[in-house]
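# Architecture and fold: a report
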Amino acid sequence: MFFFEGEPAAPVILVILIAGALASNVFLSHLPEKLLLSPLTVGLIVCADIGWIAAGLWYKGSFGSDIFFLYFFVLFLAAIGEDLILIVVAAVLLSALDLTLFVIPGQDKSLWTSSSLIRVPFIFTAALFYGHLTEKVKRQRRYALMEKEFAEKMAHVVHAQTRDLREQAEELRINYEKALEVNRLKAEFVATVSHELRTPLQAIMGYIEALLDGAMGALQSSEKRALDRIRENGLYLLGLILSILDLNRLEAERAPVRWEEIDAPGLLGEVGRMTGHVPRAGDVVLEFHAAPGIPMIVSDRDKLKIILRNLVGNAIKFTEKGLITVRADFDPETQRVEFSVRDTGTGIDEDDMPFIFDMFWQKDKSHTQPMAGIGLGLHIVRRLVNDLMGEIDAESKKGEGSFFRVRVPVSPQFGDEGKLQ
C-alpha cells in the first residue's frame, strides 16, 4: 500500500491487505514447483495481483487515473504471451510513463525523497517476478514436449528393436533346430558308415592273421612280406575307424560311464594283448609293468582301455627304436592310480605342447609321415580322462621321447543321488 499517496483512511484494512499479500507469498513458497509453474497457477497469481491492486486503487478513489491498473493489465497480457523480453520492455515503458505523467509533475520537493518513487522499483521487481515465472513455465513446457517426443521416439525404437529381436530369435531358433537335426543325421551317418566299415575290415584282418599263422599252408617270404604290409595298413584303417566311432559317441553323449571294480594289473594285461599285434619297428621293445599292492579301482574298464590303447598306439607310431614302457602305480597319499606311458621316440616340440590335446592336432603337419593319423587320439584321451574324474599331463623333449601320465581316483566320490561330487 506504499504505492498510494497520502495517509490511509483505514489502517486496519491496510494491515489486512499487507498481511494477506505476505501470507499469499508464504503459501506460494510451499507449493510444489510443478504446480507453482503450471499455466493455471501463474494466471491465477497475475489475476490476484490485478485484483488487489485494482481494489486498492478503487479504495483510494483514483481508479480511473492511476497508471498501476494499466501496468498490471499490460503485464498480464505480456505474461500470457510468456515472453520475458516483452515483460521487461513493458515494465520500462510503463515506469517511464509513470515518472513522466504522475510522479515528476506532482512533486513540490526533490524527486529522490518522494514516496511515490517506490513505485518504480516495484514495477521492475514485479516484472522480473512475472518474467521469471513465465520463463520457467516455457522451459517446463519445452522440457515436457521434448520428453514426450523423446518418449515417443524411444517407444518407436524399442518397438522396432523388439520386433527385430523377436524375428532374430525366431530365426536363430529355427537355425538351431536345423543344426541339431543336421548334427544328429551326421552323427548317425558317421556311426553307421564307421560300423559298416569296421565289420568287414575285422573279417579281412582275421583272414590275414590266419594266413600269417600258416592256417592255409606255408608262405613264401615275399608272400609273408606282402601280407604283413596288408595287415599293417588294415590295422591303421581299423584304428582310424575306432577313433571316429569313439569321438562320435562322445559328441553324441552316448558314452555314459559304467562304474565297476577293475584290477589294474589285469587291465594292463588286456591292453598288452590288444596292442601286441600293432606293427612296430623291429628294434622297439614294448614292456608292461604293474607295481605290487595296487588296490581295486572303481572306474570304467572300456574307457581306460581306450585311453591306454591310444597312448600306446601313439608311442609305437613315433618310436623307431628303443623302449616303450607302460606302468601302473599307486599313490596312497592321494588315493590315485597312475597309468603312464614312456617312449624313446621323436618327442614333441616345446611350442606344440599346449596344443597336443586339441581335436585334429597332428605332430607332423606336413603329412609326410606315413600313416600319421588324423589327430583324434589325444583329444579322445583327455575327454575320457575327464569323464573318469582323472587328470592327465605330458612331458616331452624333441628327440628324446615323451612321457604321458593318467591319474584316476581309486574310488570316486558320489553324492546322495548317486552322482559324482
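Quick caveat, the model's predicted, so the values are computed rather than measured.

Cut-offs used in this document
Residues numbered from 1 in each chain as written. Predicted model: local features only at pLDDT ≥ 70, side-chain atom pairs only at ≥ 80, totals over all residues. Heavy atoms only, no water. Helix = DSSP H or I, 4+ residues; strand = E, 2+ residues; numbered from the N terminus. Buried < 20%, exposed > 50% of the residue type's maximum accessible area, 1.4 Å probe, protein only. Contact = heavy atoms within 4.5 Å. Pairing = 2+ DSSP bridges. Axes fitted to C-alpha atoms, helices over the stretch in contact; angles between N-to-C directions. Patch = residues over 30% accessible without salt bridge, like charges linked within 9 Å, V, L, I, M, F, W, Y side chains within 5 Å. Areas by Shrake-Rupley, 256 points an atom, 1.4 Å probe, with all protein chains shown as cover. Salt bridge = Lys/Arg side-chain N within 4 Å of Asp/Glu carboxyl O. Core = buried A, V, L, I, M, F, W, Y, C linked by side-chain atoms within 4.5 Å. Expected span 1.5 Å × (residues − 1). Parallel < 35°, antiparallel > 145°, perpendicular 65-115°, else oblique. Left-handed = near helix turned anticlockwise from the far one by under 90°. Nonpolar A, V, L, I, M, F, W, Y, C, P; charged D, E, K, R; others polar. Phe/Tyr/Trp six-rings, centres within 6.5 Å; stacked < 30°, edge-to-face > 60°. Lys NZ or Arg CZ within 6 Å of the ring centre and 35° of its normal. pLDDT = per-residue confidence, 0-100.

## Observations concerning the overall build of the chain
In terms of helices and strands, the chain carries ten helices and seven strands. Within the chain, the fraction of its 421 residues that count as buried is 34%. Considering only contacts in the chain between residues 6 or more positions apart, those separated by 24 or more positions represent 70%.

## Considerations on the sheet that holds strand 5 (residues 336-342)
The strand order across the open sheet built from five strands is 2-4-5-7-6, with neighbouring strands paired in mixed fashion. The open sheet has two edge strands with one neighbour each: strand 2 (284-290) and strand 6 (391-397). Strand after strand, the sheet turns through a mean of 10° between neighbouring axes, direction not considered. Strand direction decides the pairing type here: strand 5 and strand 7 (residues 401-409), joined by seven bridges, are antiparallel. Looking across to strand 7, one finds that Glu338 is bridged to Arg407. Its contacts with the sheet place helix 8 (residues 264-275) against strand 2, strand 4 (322-331) and strand 5, and it is angled at close to 160° to strand 2. Across the sheet, helix 9 (residues 301-317) lies against strand 2, strand 4, strand 5 and strand 7, angled at about 25° from strand 5, the strand it touches most.

## Quick word on a nonpolar patch on the surface
A cluster of nonpolar side chains, contributed by Phe150, Met154 and Val158, occupies part of the molecular surface with about 280 Å² of accessible area. Tracing the sequence through the fold places Phe150 in helix 6 (residues 119-212). On the basis of relative accessible area, Phe150 is assigned to the exposed category, the value being 52%.

## Thoughts on the pattern of salt bridges
Tallying each qualifying case throughout the model produces twelve salt bridges. The closest approach of N and O atoms between Arg407 and Glu391, which form a salt bridge, is 3.7 Å. One end of the pair, Arg407, is in strand 7; the other, Glu391, is in strand 6, with 16 residues separating them in the sequence. On the basis of relative accessible area, Glu391 is assigned to the partly exposed category, the value being 39%. A salt bridge links Lys397 to Glu400; the shortest N-O distance between them is 3.9 Å.

## Brief notes about the nonpolar core
Ranked by internal contacts, the top residues of the largest apolar core, which has 43 residues, are Ile297, Leu304, Ile307, Leu311, Phe339, Ile356 and Val408. Of all the secondary structure elements, the ones that give two or more residues to this core are helix 7 (221-251), helix 8, strand 2, helix 9, strand 4, strand 5, helix 10 (377-387) and strand 7. With eight residues, the single largest contributor to this core is helix 9. In this view, Leu311 contacts Val341, Leu378, Val381, Phe404 and Val406; residues no more than four positions away in its chain are not counted.

## Focus on helix 10
An α-helical segment advances 3.6 residues per turn. Residues three or four places apart therefore align on the same side. Along helix 10, the residues classified as buried are Gly377, Leu378, His379, Ile380, Val381, Leu384 and Val385. Of the residues one or two after helix 10, Met389 is the one with positive phi, at around 60°.

## Section: helix 9
In this model, helix 9 (17 residues) spans 24 Å end to end at C-alpha, consistent with the 24 Å of a helix rising 1.5 Å per residue. For helix 9, the tally of buried residues reaches twelve of 17 residues, placing the bulk of the element in the interior.

## Section: the pairing of strand 7
Counted residue by residue, strand 7 has eight buried out of nine residues, so it is predominantly covered. The pairing of strand 6 with strand 7 spans seven bridges and is classified as antiparallel. By the bridge assignment, Asp393 is partnered in strand 7 with Arg405. Where strand 6 folds back on strand 7, the antiparallel hairpin that results is connected by three residues, among which Gly399 adopts a positive phi of roughly 85°.

## Notes on the packing of helix 9 against helix 10
Helix 10 packs onto helix 9 with a crossing angle of 150° between their chain directions and a minimal axis gap of 9 Å. Here helix 9 is positioned roughly antiparallel relative to helix 10, judged by the angle of their axes. Crossing of helix 9 against helix 10: the hand is left-handed. On the side of helix 9, the interface is formed by Lys303, Ile306, Ile307, Asn310, Leu311 and Asn314, while helix 10 contributes Gly377, Leu378, Ile380, Val381, Leu384, Val385 and Asp387. Grouping the amino acids of the contact of helix 9 with helix 10 by side-chain chemistry returns eight nonpolar, three polar and two charged.

## Some details on the packing of aromatic side chains
Following the criterion strictly, the structure yields zero aromatic pairs and no others. Above the face of the Phe403 ring, Arg342 is positioned so that its terminal group lies 3.9 Å from the ring centre.

## Considering the environment of Leu304
With respect to the helices and strands, Leu304 occurs in helix 9. Put simply, Leu304 and Val406 are 102 residues apart on the chain and 9.7 Å apart in space, counted from C-alpha to C-alpha. With residues up to four places along the chain from it excluded, the contact list for Leu304 reads Ile262, Leu267, Ile297, Ser299, Phe339, Leu388 and Val408.

## Some thoughts on the environment of Ala394
One can find Ala394 in strand 6. Distance from Ala394 to Met353, taken between C-alpha atoms, is 8.1 Å for residues 41 residues apart in sequence. Discounting residues that sit within four places of it in the chain, Ala394 has contacts with Met353, Ile356, Phe403 and Phe404.

## What to know about the confidence of the model for the chain
Across the chain, the average pLDDT comes to 76, with 70% of residues at 70 or higher. Considering each helix and strand of the chain separately, the mean pLDDT is smallest for helix 4 (residues 67-81), with a value of 59, and largest for strand 5, with 95. Every residue in residues 109-115 scores below 50 in pLDDT, and together they form seven contacts with partners more than four places removed in sequence or on other chains. Confidence drops under a pLDDT of 50 for residues 415-421, and excluding neighbours within four residues, the segment shows eleven contacts in the predicted structure.

## Let's talk about the environment of Lys303
With respect to the element layout, Lys303 can be found in helix 9. Sequence-wise, Lys303 and Val381 are 78 residues apart; in three dimensions their C-alpha atoms are separated by 8.8 Å. Dropping the residues within four chain positions of it, Lys303 is found in contact with Ala255, Pro256, Val257, Leu384, Asp387 and Leu388.

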